[in-house]
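# Architecture and fold: a report
Below are the chains, spelled out letter by letter.
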Amino acid sequence: MDTFGTIIVVLYFIGLVGIGALASRKIKNSTDFLVAGRNLGFWTFTLLVVSSICSGMTILGVAGLGYATGWPSIWEQIFVPLCAAVCILFFGTKMHAVAAKTGYVTVQDYFAHRFYSPRGIRATSAVIGILISIIYLVGQYISISMVLSWLFDIPYQWALVIGAVIVMAYTILGGLYAIGMASLVQGIMILAGVLLVGPVVIAAAGGLEHINTVLATIDVNMTHLWYPQVHPPYAKYAFLTPEYLVSFFFLLTFGLAAAPHVVNNVLAAKDNKYFKWSPLAAFVIYALIMYLCKITGFAARSMVSENMITLPTNVTNPSDYSFIVAAEHVFPDVFAPIVAIIVLSAVMSTTDRLMLTIGSYVSWDVYKQFLNKDASEASVTMLSRVAIGVSTVITLYLAWSNPPELLAWLIWMGIGVMLACFVTPLFAGLYWRRATREGAIASMIVGLVGISIISYAQYIKVIALPMHPSMYGFILSVAAMIIVSLMTKKPSEKVLNETKTGMFIRDKKA
Amino acid sequence: MIVGLPTDTFVGIIVVPVAISLLLLLWALRW
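As the structure is a prediction and not an experimental result, all values here were calculated from the model. (Residues numbered from 1 in each chain as written. Chains lettered and ligands numbered in written order. Predicted model: local features only at pLDDT ≥ 70, side-chain atom pairs only at ≥ 80, totals over all residues.)

### Here's the deal with the overall build of chain B
In terms of regular secondary structure, chain B is built from one helix and zero strands. On the principal axes, the C-alpha backbone points of chain B span a range of 40 × 10 × 5 Å. (Helix = DSSP H or I, 4+ residues; strand = E, 2+ residues; numbered from the N terminus.)

### What to know about the overall build of chain A
Looking only at helices and strands, chain A has 20 helices and zero strands in total. At 22 Å, chain A has a C-alpha radius of gyration in line with the 24 Å of a compact globule built from 510 residues. By principal-axis analysis of the C-alpha atoms, chain A measures approximately 65 × 55 × 45 Å. A separation of at least 24 residues holds for 82% of the contacts in chain A among residues at least 6 apart in sequence. (Rg over C-alpha atoms; globule rule 2.2 N^0.38 Å. Contact = placed C-beta atoms within 7 Å.)

### Observations regarding the interface of chain B and chain A
Between chain B and chain A, the residue contacts involve 17 residues of the former and 21 residues of the latter. When its residues are assigned to classes, the side of chain B that touches chain A shows twelve nonpolar, four polar and one charged. (Nonpolar A, V, L, I, M, F, W, Y, C, P; charged D, E, K, R; others polar.)

### Re helix 18 (residues 437-459) of chain A
If you check helix 18 of chain A, its first and last C-alpha atoms are 33 Å apart, about what 23 residues at 1.5 Å a residue would give, namely 33 Å. Just downstream of helix 18 of chain A lies A:K461, where phi reads positive at about 65°. (Expected span 1.5 Å × (residues − 1).)

### Quick notes on the environment of A:F42
Residues and elements named next belong to chain A. With respect to the element layout, F42 can be found in helix 3 (residues 42-53). Along the backbone, F42 and A269 are 227 residues apart, and their C-alpha atoms lie at a distance of 7.3 Å. Here F42 is in contact with Y274 and S278, once residues within four sequence places are set aside.

### Some details on the packing of helix 12 (residues 274-305) of chain A against helix 13 (residues 322-330) of chain A
Residue and element names in this part refer to chain A. At a closest axis distance of 9 Å, the pairing of helix 12 and helix 13 adopts a crossing angle of 70°. Here helix 12 lies roughly perpendicular to helix 13, going by the angle between them. For the pair helix 12 and helix 13, contact is made by C293, T296, G297, A299, A300 and M303 and by S322, F323, V325, A326 and H329, respectively. Along the lines of polarity and charge, the residues of the contact of helix 12 with helix 13 split into seven nonpolar, four polar and no charged. (Axes fitted to C-alpha atoms, helices over the stretch in contact; angles between N-to-C directions. Parallel < 35°, antiparallel > 145°, perpendicular 65-115°, else oblique.)

### Concerning the environment of A:Y361
All names here are of chain A. Among the secondary structure elements, Y361 is positioned in helix 14 (residues 336-371). Considering only alpha carbons, one finds Y361 and K273, 88 residues apart in sequence, at a separation of 27 Å. What Y361 contacts, discounting residues up to four positions off in sequence, is T106, A126, G129, I130 and V366.

### Some points on the packing of helix 7 (residues 120-152) of chain A against helix 15 (residues 377-400) of chain A
Residue and element names in this part refer to chain A. Axis separation between helix 7 and helix 15 bottoms out at 9 Å; the angle between their running directions is 65°. Regarding helix 7 and helix 15, the two cross each other, and that crossing is right-handed. For the pair helix 7 and helix 15, contact is made by I134, L137, V138, Y141 and I142 and by S391, I394, T395, L396, L398 and A399, respectively. In the contact of helix 7 with helix 15, the residues fall into nine nonpolar, two polar and no charged. (Left-handed = near helix turned anticlockwise from the far one by under 90°.)

### What to know about helix 9 (residues 208-218) of chain A
For helix 9 of chain A, the full list of buried residues reads A:I211, A:N212, A:V214 and A:L215. Here the buried residues of helix 9 of chain A occupy an arc of 160° about the axis, which is enough to place them on one side. (Buried ≥ 20, exposed ≤ 12 C-beta atoms within 10 Å, placed from the backbone. Arc of directions from axis to C-beta.)

### With respect to the nonpolar core
Soluble, globular proteins show a tendency: their nonpolar side chains are buried together. Residues and elements named next belong to chain A. Counting residues in each nonpolar core, the largest one holds 199 residues, and the members touching the most others are C83, A84, C87, Y286 and V343. For this core, the element with the most residues is helix 8 (residues 156-204), which contributes 23 residues. In this structure, C87 is in contact with V49, G92, A257, V262, V263 and V266, ignoring residues within four places of it in sequence. (Core = buried A, V, L, I, M, F, W, Y, C linked by C-beta atoms within 7 Å.)

### Digging into the environment of A:L371
Residue placement: A:L371 occurs in helix 14. According to the C-beta neighbour criterion, A:L371 is exposed, with 9 such atoms within 10 Å.

### Quick word on the confidence of the model for chain B
Mean pLDDT over chain B: 95, with 100% of residues reaching 70 or higher. Interface confidence for the predicted complex, expressed as ipTM, amounts to 0.98; the pTM equals 0.93. (pLDDT = per-residue confidence, 0-100.)

### Description of unusual backbone geometry
All names here are of chain A. Here H231 and P232 are connected by a cis peptide whose omega angle stands at 0°. Here P232 lies in the loop between helix 9 and helix 10 (242-255). At D153, a position not held by glycine, the phi torsion is positive, near 55°. With respect to the helices, strands and loops of the structure, D153 is situated in the loop between helix 7 and helix 8. Positive phi is not limited to glycine here, since K461 has a value of about 65°. Mapping K461 onto the fold places it in the loop between helix 18 and helix 19 (469-487).

In structure tokens form, the structure reads like this:
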């Protein structure tokens, strides 16, 4: 990238840190820092949920998977946007209404209340949440470094430090206020950028019909909705079979919706009425972005087939560069910073939220609830900031060497653990009055142990399963919740009524 | 074939997101 491009990207970074500084003026107590004073407006809230999910995977990985597998991967573009709607509608509507009265700061507060377990379930859930967030964060930093080192031709480690310092700066300064405001900017950048880049790349590749014709010549199944149900798949890229897609649905739609850095956002909305239109707005905006990214990946595949572009060969994951390389080919150099900003916005918007999630779990769920119940507001906020700093250092250490293959497996496992551990307690807690504390703890632990064993067995090739390993962990966690809940004493009516538990999404009488 | 895709693929990629959007619209209208 030339000097002009570098200046634009540096200005963008300065703008983000400026947002952090601006937001820091609003921070008066820990609630301001951790849940933005429960004061986020409709669009800030909606785009916060979307951009927390919209990670490095969304731009690079989505186009990359499209490049490698064709149309069968389009389901990802339906399931992931649907996860934003599921999170807001099924988890958010009720939890926000309860939190308005109880003052929850994290989802652990809800778990502790609903499952009348101020220590056991809070600790289990917080520890699993911190571990998942760190694993996921490593993946995000690798994405940031990949983009920065590619665009600026700087060493991977430099890029890692630059990316980490920028995100850490505005997150530590302004907490969720800064993240919310940055998400608004980042969300608009991603939407406008993808709307600009996608159609131009698709047109340059010869238009949609031509792209599809080229895909069909590579493998006719690339133009179908799924690959044939053959196990093991007939090619490495042909894994999106109907059975696998079922597990993909649960993994992406429910696993991501229950992810700590996603579901905690529902506590920050200013008004419960936002939950009326926000699911639709989040789904439509996100689906639009993702469809365009995916088709840009198809376009890149067609352009490579016709020798219009060449992907880098000295990297472990060439297909993930398809979006950047195709955009660089089509646009004159002057547009390079736009491409950089789109990708960086997507990666940073998840990174910041993950860092704050770790900060809030450490300061609020571990320190305030376990170690020092009388901790002052100032000390909780300060500890959140310290935890964000420490988690960044740990993450940088883990991401420092070039990403090993094990890491990609760990990141997918991170989403899998969310499905196997958090989805059942959340759904059962909100909608099933018979769900008990013991059932919730059992479902989390059985889910975690189940997915760990099955995943590892699959990784070392002891077993080969047709679905994603998390699906089996999820089924085990549902079974554990039902069996253990029915075997243990029913929760008190008082707790169930306070937490609005029952087979309804919204209590219209309230 | 529609835009180079088998008809069922084309219908699938349009119908599913539209159906989800309609369900979410229904949720908002019944609020």
